[in-house]
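Reading the structure
This is what each chain is made of:
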Number of protein chains: 2
Amino acid sequence: MIAATGSHDLRQSAADPVVHDRIEALLRVRRRRYTPRCREVIDVLASSGRPLTADEVAQAEDSLSISTVYRTTGVLADLGVLRSVAGVDGVSRFELSEALSSHHHHHLLCRQCGLVLDYELPAALEKALHAAALRITRRAGFTGPAERFDIEGLCPTCTELVANP
Amino acid sequence: MIAATGSHDLRQSAADPVVHDRIEALLRVRRRRYTPRCREVIDVLASSGRPLTADEVAQAEDSLSISTVYRTTGVLADLGVLRSVAGVDGVSRFELSEALSSHHHHHLLCRQCGLVLDYELPAALEKALHAAALRITRRAGFTGPAERFDIEGLCPTCTELVANP
DNA sequence: GGTAATCCAAGAACGACTCTCATTCTAGGC
DNA sequence: GCCTAGAATGAGAGTCGTTCTTGGATTACC
């Protein structure tokens, strides 16, 4: 399943109330408040069908300054609420962690404009990949592995632009 | 197979003469010289068992200034001689393209220090992944896909550091 | 209501990378 | 071997994404 194909717009719905509750609980443990700014960052990311750059998050909400977005995403990433996605354009993007968004997925990246979309793999293939990743990390002495099956290509918009410049 | 496990040192051997010849031919078509600096960049990358940052390349050869490394790697990446690898630390690393290094591989990344190592997947799994990637990109309207099965974790050195700070 | 902790915005600082420009090198013609 | 045009080089300035700092605003808790 592919989210936000073609156009680069954001979805309309905000984050599930349960998601907010879980994040608030996590923050409480760390003695941090679930502030309006923090909630806004979560809502923007939850309502987008794809990982967003700090700049995109700040643009989506007038009340969010760029430094607030960076600070908040940093804290939330530390807590495991957000995941940082390294794009091919050197700009990092943020998305809700899989534990909160409740669907395991990988990324489809455009090597021209840096767009990042989500997709899901068939369960059988996912299982085989996971087993292979475990074997490989163990052999290399790595710990705490997480695998990513990223696919890089040209998005429809950039493909069109290359064909008809 | 894992290259350069544990210690982060570089291999000793330089690039295969055939590799140099092929790169020189590619550069000639573009009216560019295969200069000593350019050759040094290739040698450093070919003799390393893992992708290197621009800084690491410059450090490996006293005669290479950082701007020369960035300029040269840019040209060589355009030609398809080098591949740029986006690390988890936001620093890009370079390696010989698979066409030249003649082994298809993926990357093992340390989320702490950013180290990138190479590894190879069993052929059967590689084939299944490739087929899945084709299906997914076609459905999303992407073109020219290239898939990457990156595994992220803590390298042995960083695992040790976390255990005994 | 008081106060201590946290949050916030603005802007400075930082670092990776790119660009600029004066100098050096080199291929190819004499 | 010498000349010259054009490519390559290195130092340093500039750009841009990201992080840090600071001083004031807000909030939780008493």
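It should be noted that the structure appears before, not after, this text.
Read on for a plain summary of the structure.

How each quantity is defined
Residues numbered from 1 in each chain as written. Chains lettered and ligands numbered in written order. Predicted model: local features only at pLDDT ≥ 70, side-chain atom pairs only at ≥ 80, totals over all residues. Heavy atoms only, no water. Helix = DSSP H or I, 4+ residues; strand = E, 2+ residues; numbered from the N terminus. Buried < 20%, exposed > 50% of the residue type's maximum accessible area, 1.4 Å probe, protein only. Areas by Shrake-Rupley, 256 points an atom, 1.4 Å probe, with all protein chains shown as cover. Lys, Arg positive; Asp, Glu negative; His and termini not counted. Charge placed at Lys NZ, Arg CZ, Asp CG, Glu CD. Least-squares fit on C-alpha atoms with pLDDT ≥ 70 in both. Contact = heavy atoms within 4.5 Å.

What about the overall build of chain A?
On a plain count of helices and strands, chain A comes out with seven helices and six strands. Each helix and strand of chain A, ordered N terminal to C terminal, gives the series α-α-β-α-α-β-β-α-β-β-α-β-α. Its C-alpha atoms give chain A principal-axis dimensions of roughly 45 × 45 × 25 Å. The buried share of chain A, taken over its 165 residues, is 45%. When the accessible area of chain A is evaluated, it comes to approximately 8400 Å², of which 52% is carbon and sulfur surface. Placing the 19 positive and 21 negative side-chain charges of chain A at their respective mean positions leaves the two points 9 Å apart.

Here we look at the relation of the copies chain A and chain B
Its rotation angle being 179°, the transformation that places chain A on chain B also includes 0.1 Å of axial translation and leaves an RMSD of 0.2 Å. Read as a symmetry element, the transformation amounts to a two-fold axis. Measuring from the rotation axis to each C-alpha of chain A, the shortest distance belongs to Phe 149 of chain A, at 2.2 Å. Here 100% of the contact residues of chain A are again contact residues in chain B; the copies associate through an equivalent surface.

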